[in-house]
Amino acid sequence: MIFSHASHDSLTQFEDPVGRAAGLAPDAPAIIHPEGALSYNDLDRFVDGTASAVAARTDASRAGLVPARTWESVVLVLALLRAHRTACLISSRWPRAAVERAVRLVGAAALVTGPDTAGSLVRKGRAGVHNPLAADMPATIVYTTGSTGEPKAALHSMGNLLYSAHGANKAVRLHPGDRWLLTLPLYHVGGLGVVFRCVASGAAVVVARRGSTIGALLRGHRCTHVSLVATQLLRLLREDDRPAPDSLKAMIVGGSGIPQSLLQEAYARGYPVCTTYGLTEMTSQVATLAPGAQPDRLCTAGKVLPYRSVRIGPRGEIQVKGRVLFMGYVTKKGLHRSVDAEGWFTTGDLGCMDADGYLHVRGRTDNMFVSGGENIVPEEIEQALCAISGVERAIVVPVPDETFAARPVAFVAGRNDWPALACALEKRLPRFKIPAFCAWPAAVPYQGIKVSRAALKKLALSKAVPQCSSPKRDYRA
């Protein structure tokens, strides 16, 4: 069965989104930043002047950027599109050698390689008539983190970006005067999506000073919307024990498996939690839970958004297509799209749809492993652990075992009474899924915005990790 919320409209070109917003509400705030604010008229002029500076700097069709979370970087990304350049957005966490490899892979000019160089290009120009942007114009390249190996360079069109924004805004309403706190990096589709959702609706992006807590920023700027991953949600709830600010209309929570205990705690404190499922190849969100949904729906990723279609493959894998599906991976041999004969992209995620059309995401196929002849999906164990009182985070990884080929080991935050946890799990899971345990590391390894399972597996095998044990077995790492 196909779950589709696709529209039949198929535009071949779009009005310049910044120019359109400036024409409708020139004095409305577009970007709020630590030094002040830019109206949409200001933003339009900065995008115009910066686009001219980009054109004077390079005639390359692709420009490599390492964007900081600053208003200048937002301007630069929008200016590249107006200058008909493809913005290749590279993680600021990568070492210089990795940045250079990423630029070479896509044949881009290294326009900006650090946050200090963005300001040299940003300048004011003129507001005026804007040329339309073709829907199939290559717009951005975002490097996916992947589960293992080198990141892939995913190419999005202008149509991908704007259809993604319009579809998301139909599910989680965004209006002029609303303020979306930018907490995710611009080199990730989650952060990029916030910018385009705001520009498409005339809302403001709040680019805050680093070092402030999320709770303080939400209250200080009277934000109406925010997007968080699990680590940020946990930090918010622990750093600020007050009820949710009354200005907040929607809190989008996604990026990886979110502990149900955190979601329920946030909901109980009045946060308008909207769980979501998305991926780089679908230009961010695929399904999202609408604000105001019943709390029992927090275990789902919500319903399929407009301009997207979802089906469950024969092996339980989530498959997707629609107007937001990327153009393909940029490789040295050309563009590789990775879809089947009907245009479906297989995500590698396991899931199902319930009778009411809500998407449930079970885990990743490449995380699954075999222990004693049984398939183990780590996310199932993680969800069971996070349902136990006091457990804040849990990640399960396989470790080699002479008898069973592999055994699950769980890194757990919030509790360290392993025998009690194991006993609690035995009421929820079969015995072969009961893991050995490790304490949550003081320095959590990340791959992009997700915890690195590969790094945790190495940590579990290192001599630095103490004995992991449960009442039923012992495993020495």
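Residues numbered from 1 in each chain as written. Predicted model: local features only at pLDDT ≥ 70, side-chain atom pairs only at ≥ 80, totals over all residues. Heavy atoms only, no water.

Caption draft 1: Expanded view of the sheet that holds strand S27 (residues 405–413). Spatially, three strands are ordered S26-S27-S28 in an open sheet, and the strand pairing comes out mixed. Pairing within the sheet leaves two strands with one partner each, and these edge strands are strand S26 (393–401) and strand S28 (436–439). Strand-to-strand, the axes of this sheet are offset by a mean angle of 30°, without reference to chain direction. In the packing of helix H11 (residues 378–386) onto the sheet, contacts are made with S26, S27 and S28, and the angle to S26 comes to roughly 135°. (Pairing = 2+ DSSP bridges. Helix = DSSP H or I, 4+ residues; strand = E, 2+ residues; numbered from the N terminus. Axes fitted to C-alpha atoms, helices over the stretch in contact; angles between N-to-C directions. Contact = heavy atoms within 4.5 Å.)

Caption draft 2: Focus on the pattern of salt bridges. Counting across every chain of the model gives 21 salt bridges. The residue Arg269 makes a salt bridge to Glu265 at a minimum N-O spacing of 3.3 Å. Residue classification places Arg269 among the buried positions, given a relative accessible area of 16%. One salt bridge in this structure joins Asp349 and Arg364, with 3.1 Å as the shortest N-O distance. Taken together, the residues Asp349 in strand S22 (residues 345–353) and Arg364 in strand S23 (residues 359–364) connect sequence positions 15 residues apart. (Salt bridge = Lys/Arg side-chain N within 4 Å of Asp/Glu carboxyl O. Buried < 20%, exposed > 50% of the residue type's maximum accessible area, 1.4 Å probe, protein only.)

Caption draft 3: Focus on the nonpolar core. Among the nonpolar cores identified, the biggest contains 81 residues, and Ile31, Tyr40, Leu43, Leu65, Val75, Leu78 and Phe196 are the most heavily contacted of them. In this structure, Ile31 is in contact with Gly36, Ala37, Leu38, Leu43, Trp71, Val74, Val75, Val205 and Val207, ignoring residues within four places of it in sequence. (Core = buried A, V, L, I, M, F, W, Y, C linked by side-chain atoms within 4.5 Å.)

Caption draft 4: Representation of the environment of Leu218. Its location among the elements puts Leu218 in helix H8 (residues 214–220). Placed 142 residues apart in sequence, Leu218 and Leu76 show a C-alpha to C-alpha distance of 25 Å. Every residue in contact with Leu218, bar those within four places of it in the chain, is listed here: Leu181, Cys223, Val226, Leu236, Pro245, Ser247 and Leu248.

Caption draft 5: Spotlight on the pairing of strand S14 (residues 250–253). Of the two faces of S14, the one lined by Ala250 and Ile252 and the one lined by Met251 and Val253 are each fully buried. Relative to S14, strand S13 (residues 225–228) runs parallel, the two sharing four bridges. Considered in S14, the bridge of Ser227 is made with Ile252. The parallel pair S13 and S14, bridged by helix H9 (residues 230–239), forms a crossover whose chirality is right-handed. Note that S14 and strand S15 (residues 273–279) share three bridges and pair parallel. Looking at S15, one finds that Ile252 is bridged to Cys274. (Right-handed = clockwise from strand over helix to strand, strands pointing away.)

Caption draft 6: Inspection of the sheet that holds S15 at higher detail. Within the open sheet, the nine strands sit side by side as S4-S3-S12-S11-S13-S14-S15-S16-S17. Their pairing is mixed. Taken across any chain shown, the strands that pair with only one partner, and hence form the sheet edges, are strand S4 (36–39) and strand S17 (303–304).

Caption draft 7: Geometry of unusual backbone geometry. A positive phi is found at Tyr307, a non-glycine position, where the angle reads about 70°. Within the fold, Tyr307 resides in the loop between S17 and strand S18 (308–312). Even without glycine at this site, Ser338 takes up a positive phi of about 65°. Here Ser338 is to be found in the loop between strand S21 (334–336) and S22.

Caption draft 8: Structural view of the packing of aromatic side chains. Under the counting rule described, the total for this entry stands at seven aromatic pairs. Here Phe14 and Tyr163 contribute two aromatic rings whose centre-to-centre distance is 5.5 Å and whose plane-to-plane angle is 80°, an arrangement assigned as edge-to-face. Of the two residues, Phe14 is situated in strand S2 (residues 13–14) and Tyr163 in helix H6 (residues 158–171); the sequence distance between them amounts to 149 residues. Each member of the pair, Phe14 as well as Tyr163, carries the same accessibility label: buried. When the centroid spacing of 4.9 Å and the interplanar angle of 70° are considered together, the rings of Phe326 and Tyr329 count as edge-to-face. Summarising the burial analysis for this pair, Phe326 and Tyr329 share the class buried. Of the aromatic side chains, those joined through ring pairs into one cluster are Phe14, Tyr163 and Tyr307. Directly above the aromatic system of Tyr163 lies the positively charged group of Arg323, at a separation of 5.7 Å from the ring centroid. (Phe/Tyr/Trp six-rings, centres within 6.5 Å; stacked < 30°, edge-to-face > 60°. Lys NZ or Arg CZ within 6 Å of the ring centre and 35° of its normal.)

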